[in-house]
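Structure assessment
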Amino acid sequence: MLTRRAATLLAASTALPRFAIAQADQRPSITIAVQRIANSNTFDNLREASNVGERTAQMFNERLIEIDWRGDLSQKPGLATAWRRTDEKTVEVTLREGVRFHNGDTLTAEDVAARFSPAGMFGDSRPTVDGKTLPHAFSAIVGQGSKELPKEIPPVARRLWPGLDRVEIVDARTVRFHNATPDVTLEGRMAALGSEIVSRRAYGEASTWLEYARKPIGTGPYAIREFKPDTTLQMDAHDDYWGGRPPVKSIRLVEVPEASSRINGLLSGEYHFACDIPPDQIAGIERNRNFEVLGGVIQNHRLTSFDKFHPQLADPRVRLAMAHAVDRQVIVDALWAGRTRVPKGLQWEFFGDMFIADWNTPEYNPARARELLKAAGYKGDPIPYRLLNNYYVNQVPTSQVLVEMWKQVGINVAIEMKESFVQLRDRTLPRGVRDWSSGATLNDPVGSLVSNFGPNGAAQQAREYANDEFSKLCVLLETSADRALRKKAFARMLQIAEREDPAYIMLHQAATFTAKRRDIKWKALPAYQMDFGPGNFAL
Amino acid sequence: MLRFVALRVGRALLTITLVVTFAFVVLRLSGDPALMIMSPDAPPEALAAFRKAWGLDDPIWLQYLKYFTAILQGELGQSFRDGRPAIQLVAERIPATLQLTLPALALKVGLGIPAGIYAALHRNSAIDRAVMTFAVAGFTVPSFVLGLLLVLVFAVQLGWLPSGGQESWRSVILPVISMGLGGAGILARFTRSAMLEVLGQPYIRTASAKGVPWHQVVRLHALPNAAIPTVTIVGFMVGTLMAGAVVVESVFSWPGVGRLMVVAVSNRDLAVVQCILLLVSATMVTSNLIVDLLYGVLDPRLRGTAPAGGGH
């Protein structure tokens, strides 16, 4: 006969698992309002190599080596637990044990080798550290109806991995990266955007490249459940995550193009986070004690870059004059309320011993600008300035300030509003100036100056810039193991790209601001990336 | 009557044909689709392959013929950007748009017409002036300004309603009011003017003089005769059901046809743009056709060949 005590115990024992499940489900689900989820509507970061792509990448994907964004920005173990140089061209990597992909598979050396293979990213391209430019077309059309790698992927992959020859499987947990040339930055490249590891089986089973890229199966703390292009991205916690139980049950990114709508949605309680907050809105949001705005400068600089082949810009003195005409501090103070700063050219202290401390980008000097224009014989002919509508925070007001500053010294720049990056780079009509940003994807100039303006940087691939000496120095930077020589080469490259034959005008360090409910414990990283991993969220 | 109907159906089909042709011409005139989609930096062989795959290497007349034949067969092409049939992408967004535009239409009609009738029947009274003041304010304030104001008050300050998104039925309220109030103002003004004109007609005086109760005079004689201009405006509003919410959808982050159109135009996604244009024109032409046929029902004198009102 069942006693009352036995019945109570039985009831308790049957209730316990359910209670545990209920506890598991008590994690919050959050909604994040973003200006844009993805430019290409895909999540392979060789295709979505963008600021908005960086924001989501590490929610679902991971790399062998990671940057310690919560700490001192040093390299730390990711999917690899250890790595060691066997020579100047080779790095041996030991993989972490027990890492599960979102589809339940265990990470093996085969997954890593498949990612860094011709089918995974390189196509039929060969290592390109020879100063030659691979043709690249930034296209609005991506991998439809075919498993074939989209044509724009290999040139971008070679930008990131110019000299990688092959990845050798040593055993199930060990791989060896073989480079064709010496490269002191191989470890940094493993930690850079674009080197994410995805499931080899899932990649193979996707019926098209687009199907894979819309829902990459990675190892990150969250797995993509559903992506509605231009609308929402829904992710669920990956409870087998090797780094611990994700603190959020599900994350929903909602695309809200208007900043005012993002802010209103936050204040009215629909969104837990609102991204890309313009600095002039911060005080207004924080007047409400229930909300706060986090963020600040990140490892990214805002530039305005040239098409040096435009007739009015062919003379480098005109480009240098444009750089001297810009009062950067005014932009920082007026549009950013002093929340960012003017950097020392296209570099970051994060570069360590490669940082050129005594370098300064051309100073504000309108008199010098006028002299240069006179010497160059510039007659006031118009220079087109192609512009996207606030893809970068404060982009349009910054461009309007720039146009007025250029006008002050006699340079006639006409803004042309564009709607997409494809239109921004269209060569069928004259291109002059356009906005850009450059991120420190790794702690070395090869991740920014070389990656953006080198032989296989987007500027040269789009035929906006070319300079033989600069390109040769890029090759040296990518292949030399002599640190003193590399630093000297980098200093010379800054001299060329910012003064002698300007490729761009440095504007200011980028900053990003995220508004959130004050009762959410969360820290912003010095990057576009948002971290909802274990230890960085509590409600 | 048959000739009346046939003429208007024929005219509607001609209008759709012209819109489809116009869309084809304008989208080709705005640049080479291959260069816009693939980028001018694409290798020549990739551009050639793209043109061949999408039939862009055919002579222009053949492209038009194929395009037109495909439309007749219901084949509206594939989205360059998404890879799926354009019609599928558009169809997915139609319910969301109708969730806003149908209630907004009901609000316009349900508020605007009674207000106009009431104002006309109480001409020059304080209520008439108040109704007209609200009507003018309603259609002069742009819907996005009204939308932002409503969000500030009802979402941010009072916290009664969501500021955007498509999460629940409550999300519909603010965008519907933003779109509906302006249209209600327009309808109120048109209805009032039409009623005032009819109320001044001899047959109204005659009916009153014969001792017909005033509510019957209004219901049986004034309202049917004042209906034609009102029906014209309502028909126009029905025609904008598919594309009338572009701005409001952006303000309220509503994933409807309007936002799809903005994204498709930005990315030169020709098939999607063409599909939306066809859908919008078909809706507009169909609503105009219905209005034309309604004219014949409302006013037997218009069942001849002469178009009623014209130019709507």
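Remember, predicted model here, so these are calculated numbers, not experimental data.

1. Quick look at the overall build of chain B
Looking only at helices and strands, chain B features 13 helices and zero strands. If you list the helices and strands of chain B from N to C, you get α-α-α-α-α-α-α-α-α-α-α-α-α. Within chain B, residue pairs in contact and separated by at least 24 positions form 74% of the contacts whose partners lie at least 6 positions apart.

2. Thoughts on the nonpolar core
Counting 138 residues, the largest nonpolar core has Ile32(A), Ala33(A), Ile251(A), Ala274(A), Ala321(A), Ala325(A) and Ile411(A) as the members making the most contacts within it. Ranked by residue count, the leading element in this core is strand S16 (residues 504–517) of chain A, at eight residues. Setting aside anything within four residues of it in sequence, one finds Ile32(A) in contact with Ile251(A), Leu253(A), Tyr271(A), His272(A), Phe273(A) and Cys275(A). Residues Val151(B), Ala155(B), Val234(B) and Val248(B) belong to the second largest nonpolar core, which totals 64 residues.

3. Observations regarding the pairing of strand S1 (residues 29–34) of chain A
All names here are of chain A. By the criterion of burial, S1 is predominantly enclosed, with five of the six residues buried. Summarising the sheet, S1 and strand S10 (residues 250–255) pair through six bridges and their orientation is parallel. The residue bridging Ile32 from the neighbouring strand is Leu253, located in S10.

4. Re the sheet that holds S10(A)
Spatially, S8-S9-S10-S1-S11-S16-S12-S15-S13-S14 (chain A) is the arrangement adopted by the 10 strands of the open sheet, whose pairing is mixed. The strands lining the two open edges of the sheet, one partner per strand, are strand S8 (222–228) and strand S14 (413–418) of chain A.

5. Details of the environment of Val153(B)
All names here are of chain B. On the secondary structure map, Val153 appears in helix H7 (residues 143–157). Judged by local crowding, Val153 falls into the partly exposed class, with 13 C-beta atoms found within 10 Å. As for Val153 and Ser163, which are separated by 10 residues in sequence, their C-alpha atoms are 9.9 Å apart.

6. Re helix H13 (residues 366–376) of chain A
Residues and elements named next belong to chain A. Every buried residue of H13 is accounted for by Ala369, Leu372 and Leu373. Projected down its long axis, H13 shows its buried positions confined to an angular sector of 100 degrees, all on one face. Opposite the buried face of H13, at more than 90 degrees from it, the exposed residues are Ala367, Lys374 and Ala375. Where H13 is buried, its residues contact helix H11 (316–324).

7. Points about unusual backbone geometry
Residue and element names in this part refer to chain A. Even without being a glycine, Asp276 presents a positive backbone phi close to 55 degrees. Relative to the elements of secondary structure, Asp276 occurs in the loop between strand S11 (273–274) and helix H10 (282–286). Taking the number of C-beta atoms within 10 Å as the measure of exposure, Asp276 has 25 and is therefore buried. For Asn394, which is not a glycine, the phi torsion comes out positive at approximately 65 degrees.

8. A closer look at the confidence of the model for chain B
Residue and element names in this part refer to chain B. Scored by pLDDT, chain B comes out at a mean of 83, with 89% of its residues at no less than 70. In the predicted structure, residues 306–312 sits below a pLDDT of 50 and forms 10 contacts with residues beyond four places in sequence or in another chain. As scored by the predictor, the complex reaches a pTM of 0.82 and an ipTM of 0.74.

9. Concerning the sheet that holds strand S4 (residues 80–87) of chain A
Within a sheet, each strand pairs with its neighbour through backbone hydrogen bonds, oriented either parallel or antiparallel. All names here are of chain A. Ordered by their spatial adjacency, four strands build an open sheet running S4-S5-S7-S6, and the pairing between neighbours is antiparallel. Every other strand in the sheet has two partners, leaving S4 and strand S6 (164–171) as the edge strands with one partner each. For this sheet, the mean inter-axis angle between neighbouring strands, taken without regard to orientation, is 20 degrees. For S4 and strand S5 (residues 90–95), the ladder comprises six bridges, and the chain directions are antiparallel. Its bridge partner lying in S5, Trp83 is registered against Val93.

10. So, the packing of helix H5 (residues 86–121) of chain B against helix H10 (residues 214–239) of chain B
All names here are of chain B. Across the interface, H5 lies against H10 with an axial gap of 11 Å and an inter-helix angle of 140 degrees. Handedness of the H5/H10 crossing: right-handed. Where H5 approaches H10, its residues Leu105, Lys108, Val109, Ile113 and Leu121 are matched on the opposing element by Val218, Thr230, Val234, Met237 and Val238. Residue composition of the contact of H5 with H10, by class: eight nonpolar, one polar and one charged.

11. Comments concerning the packing of H7(B) against helix H8 (residues 173–199) of chain B
All names here are of chain B. Following both chains from N to C, one finds H7 and H8 inclined at 140 degrees, their axes separated by 9 Å at the closest point. Judged by the inter-axis angle, H7 sits oblique to H8. Handedness of the crossing formed by H7 with H8: right-handed. Contacts between H7 and H8 pair Ser143, Leu146, Gly147, Leu150, Val151, Phe154 and Ala155 from the former with Leu174, Pro175, Ile177, Ser178, Met179, Leu181 and Gly182 from the latter. Of the residues in the contact of H7 with H8, the class split is 10 nonpolar, four polar and no charged.

12. Some details on the pairing of S8(A)
All names here are of chain A. Two strands pair when backbone bridges link them, and S8 and strand S9 (residues 232–237) are joined in this way by six bridges, in the antiparallel orientation. Bridge pairing in S9 places Lys228 opposite Thr232. The antiparallel pairing of S8 with S9 creates a hairpin that spans three residues between the two strands, and Asp230 there sits at a positive phi of about 65 degrees.

Reading the values: rules and limits
Throughout this document, residue positions are counted from 1 along each chain, in the order its sequence is written. Written order determines the labels here, with chains lettered from A and ligands numbered from 1. Local features in this predicted model are restricted to residues whose pLDDT is 70 or higher, and side-chain atom pairs enter the listing and the counts only when it is 80 or higher, whereas totals over whole chains, interfaces and linings include all residues. Only DSSP runs of H or I reaching four residues or more are called helices, and only runs of E reaching two or more are called strands; each is numbered from the N terminus. Two residues qualify as being in contact provided that their C-beta atoms, derived from the backbone, are within 7 Å of each other. Throughout this description, the term nonpolar core refers to a group of buried Ala, Val, Leu, Ile, Met, Phe, Trp, Tyr and Cys residues whose C-beta atoms join them within 7 Å. Using C-beta atoms placed from the backbone, we call a residue buried if 20 or more other C-beta atoms fall within 10 Å of its own, exposed if 12 or fewer do, and partly exposed for counts in between. Here, a strand pair is defined by DSSP locating no fewer than two bridges between the strands. Think of the arc as the fan of directions from the helix axis to the C-beta atoms. The quantity called pLDDT is the predictor's confidence in a given residue, expressed from 0 to 100. Only the contacting stretch of a helix is used when fitting its axis, a line to C-alpha atoms as for every element, and angles between N-to-C directions run 0 to 180 degrees. A clockwise turn of the near helix away from the far one marks a right-handed crossing, whereas an anticlockwise turn of less than a right angle marks a left-handed crossing. Basically, the charged four are Asp, Glu, Lys and Arg, the nonpolar ten are Ala, Val, Leu, Ile, Met, Phe, Trp, Tyr, Cys and Pro, and anything else, Gly included, counts as polar. Should an angle fall under 35 degrees it is taken as roughly parallel, and over 145 as roughly antiparallel, whereas 65 to 115 is taken as roughly perpendicular and any remaining angle as oblique.

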